Amino acid sequence: MKIDKSKPIWRQIVQEIKERISRGEIVENVPTVRALAEELGVNPNTVARAYREMEREGIVESWVGKGTWVKKKSRDKLKDKMVEEVVDSFVESLTSMGLSKKEIKKLVRKIDDKN
Amino acid sequence: MIKIKNLVKRYNDIYAINNINLDIEDGSFIGLVGPNGSGKTTLLKLIFGYCRPTSGEIEVDGKHPGVEIKSTTAFYPEYDSTYHWMKAKDLIKWYSGFFPDWNKEKEKNLIDFFNIPTHRYVAHLSKGLRAKLKLVLTLSRDAKIFLLDEPLSGIDPASRANITSGILKAYREGQTFIFSTHIVTDAEMLFERTIFMKDGNVAIDGESDALREKYGKSMDQIFKEDLYG
């Protein structure tokens, strides 16, 4: 993970963990605050803040002494959301090139036929 | 908790510290950033009790700087170690005897992490290794407050990451760290809060991530472009 020091670091950690979950790299246990802090070279309190935010969003849950866990439905939800984002930007860039929704649908159907 | 009220330190006609007010919460990791001569070292020395304020007040956990806080506060001085005639291991052993909060395990981990040849004489170590040895002497304690004066000064760029990783490894939640530096980019991700100093005063002070959001810049960019550019 490459951190951009000109943007809030805790937000970038939230984004990174979400991506790792949706890619299936994190299945159950989220790395401990200290392990991730040392991996990224950031203050542990910054990592803890990112985890608190993910807990607030309902993606993970923390238990004292057990660490932080991914909630069962989080992976599917995060994956759906990321797929949606990719589709949106795909449609948006084609629209900006002058393609209509109808033409885009046609293109997608073509992909289907090829496979 | 460190409370600083209307702090002034004057050397003849020069105000090294010119009316500073600060509250530092327990467990915060603070970057004290500024160019040489901005008052960073003087501020750390005043907190530790190496010198007395001209006026104003400092309280460290309700106590006065000096003898009362030595047992809970560790200080990393910028000047080079003066014990050149000792072997590194003998220096560590002798030094550790002064502190009941010495943590043997931390000492071992830090020596390993920094790869210090402790059988050698201090005089025969490189400048970088002597700085690392000084960090072992400071960070092996289970102190409550750590005042680190320019731990990156004189360290070549390639070794800076190693120094900051070592400091991060030694840091425990709940401890207060104040890390002064004029080299910002290698250390800024450790700082939860950054205090920028200019001409003996606090110029900008805030949670680092909040400052990143506000300025759209890194602490290093704020330092170079907004304060001293």
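What you see is a predicted model, and the numbers here were worked out from it, not measured in a lab.

Structural notes on the domain arrangement of chain A
Residues and elements named next belong to chain A.
And then number 1: Assigned domains within chain A: domain 1 (9–71) and domain 2 (75–114).
And then number 2: When the area that domain 1 buries against domain 2 is broken down by residue, the three leading residues are Lys18, Ile21 and Ser22, summing to 64%.
And then number 3: Our count for the domain 1 to domain 2 interface comes out at zero salt bridges.
And then number 4: One can count zero residue pairs in polar contact (both at pLDDT 80 or more) joining domain 1 with domain 2.
And then number 5: Its residues placed into classes, the side of domain 1 that touches domain 2 shows two nonpolar, three polar and four charged.

Here we look at the interface of chain A and chain B
And then number 1: Tallying the contact residues gives 20 residues for chain A and 20 residues for chain B.
And then number 2: Where chain A abuts chain B, roughly 1700 Å² becomes buried across the two surfaces, and 48% of that area is made up of carbon and sulfur atoms.
And then number 3: The largest share of the area that chain A buries against chain B comes from Lys5, Arg34 and Asn43 of chain A, three residues that together contribute 34% of it.
And then number 4: On the surface where chain A and chain B come into contact, there are four salt bridges.
And then number 5: Between Arg49 of chain A and Glu207 of chain B there is a salt bridge, and its shortest N-O distance comes to 2.6 Å.
And then number 6: Mapped onto the side of chain A that touches chain B, the elements with two or more residues apiece are α1 (9–22), α2 (33–40) and α3 (44–56) of chain A.
And then number 7: For the side of chain A that touches chain B, the element with the most residues is α2 of chain A, which contributes five residues.
And then number 8: Across the side of chain A that touches chain B, the residue classes tally to nine nonpolar, five polar and six charged.

Examining the side chain of Lys132 of chain B
Residues and elements named next belong to chain B.
And then number 1: When you line up the elements, Lys132 lands in helix α4 (residues 127–139).
And then number 2: Of the side chains with opposite charge, Asp156 comes closest to the buried, unpaired Lys132, at an N-O distance of 7.3 Å.
And then number 3: A distance of 3.0 Å separates a polar atom in the side chain of Lys132 from a polar atom in the side chain of Asn162.
And then number 4: In this structure, Lys132 is in contact with Phe114, Ile116, Asn162 and Ile163, ignoring residues within four places of it in sequence.

Here's the deal with the packing of aromatic side chains
All names here are of chain B.
And then number 1: In this structure the tally under the stated criterion is 15 aromatic pairs over all chains.
And then number 2: Ring plane angle 25° and centroid distance 4.7 Å describe the contact between Phe146 and Phe177, whose orientation is recorded as stacked. Of the two residues, Phe146 is situated in strand β6 (residues 145–149) and Phe177 in strand β7 (residues 176–181); the sequence distance between them amounts to 31 residues. In this pair, the class of Phe146 matches that of Phe177, namely buried.
And then number 3: Arranged with centres 5.2 Å apart and planes meeting at 85°, the rings of Tyr171 and Phe177 form a pair that is edge-to-face.
And then number 4: Given the relative accessible area of 0%, Tyr171 is considered buried.
And then number 5: The exposure class of Phe177 is buried, given its relative accessible area of 0%.
And then number 6: Grouping aromatic residues by their ring pairs yields a cluster made of Phe29, Phe146, Tyr171, Phe177, Phe179 and Phe191.
And then number 7: The ring of Phe48 has Lys70 sitting right over it, with the charged end atom 4.5 Å from the ring centre.

Reading guide: rules and limits
- Numbers given to residues run from 1 along each chain, matching the order in which its sequence is written.
- Chains and ligands are labelled sequentially in the order written, the chains with letters from A and the ligands with numbers from 1.
- Reporting of local features is limited, given that this is a predicted model, to residues whose pLDDT is at least 70; pairs of side-chain atoms are given and counted only at 80 or more, and all residues count toward the totals for whole chains, interfaces and linings.
- Here the side-chain values reflect all heavy atoms present in the structure, with hydrogen atoms and water set aside.
- The source of the domain bounds is an automatic or database domain assignment.
- By convention, the term buried area covers the 1.4 Å-probe accessible surface removed from two parts as they join, with the contributions of both added.
- We count a salt bridge whenever a side-chain nitrogen from Lys or Arg sits within 4 Å of a carboxyl oxygen from Asp or Glu.
- Whenever a nitrogen or oxygen atom comes within 3.5 Å of another N or O atom, the pair is scored as a polar contact, on the condition that within protein one atom can donate a hydrogen and the other can accept it, and that pairs from neighbouring residues in sequence are kept only if both atoms are in side chains.
- All amino acids are sorted into three groups, where Ala, Val, Leu, Ile, Met, Phe, Trp, Tyr, Cys and Pro are nonpolar, Asp, Glu, Lys and Arg are charged, and the leftover types, Gly among them, are polar.
- Contact definition: two residues touch when any of their heavy atoms are within 4.5 Å.
- Only runs of H or I of at least four residues qualify as helices and only runs of E of at least two qualify as strands under DSSP, and these elements are numbered from the N terminus.
- Exposed residues in this analysis have more than 50% of their type's maximum accessible area, buried residues have under 20%, and partly exposed residues fall in between, with area computed by a 1.4 Å probe over protein chains only.
- Think of it this way: Lys and Arg go in the positive column, Asp and Glu in the negative one, and His and the chain ends go nowhere.
- By convention, a stacked pair of Phe, Tyr or Trp rings (six-membered ring in the case of Trp) has centres within 6.5 Å and planes under 30 degrees apart, an edge-to-face pair has planes over 60 apart, and any other such pair is tilted.
- Comment: the charge-over-ring label is applied if NZ (Lys) or CZ (Arg) is within 6 Å of the ring centre and within 35 degrees of the ring normal.

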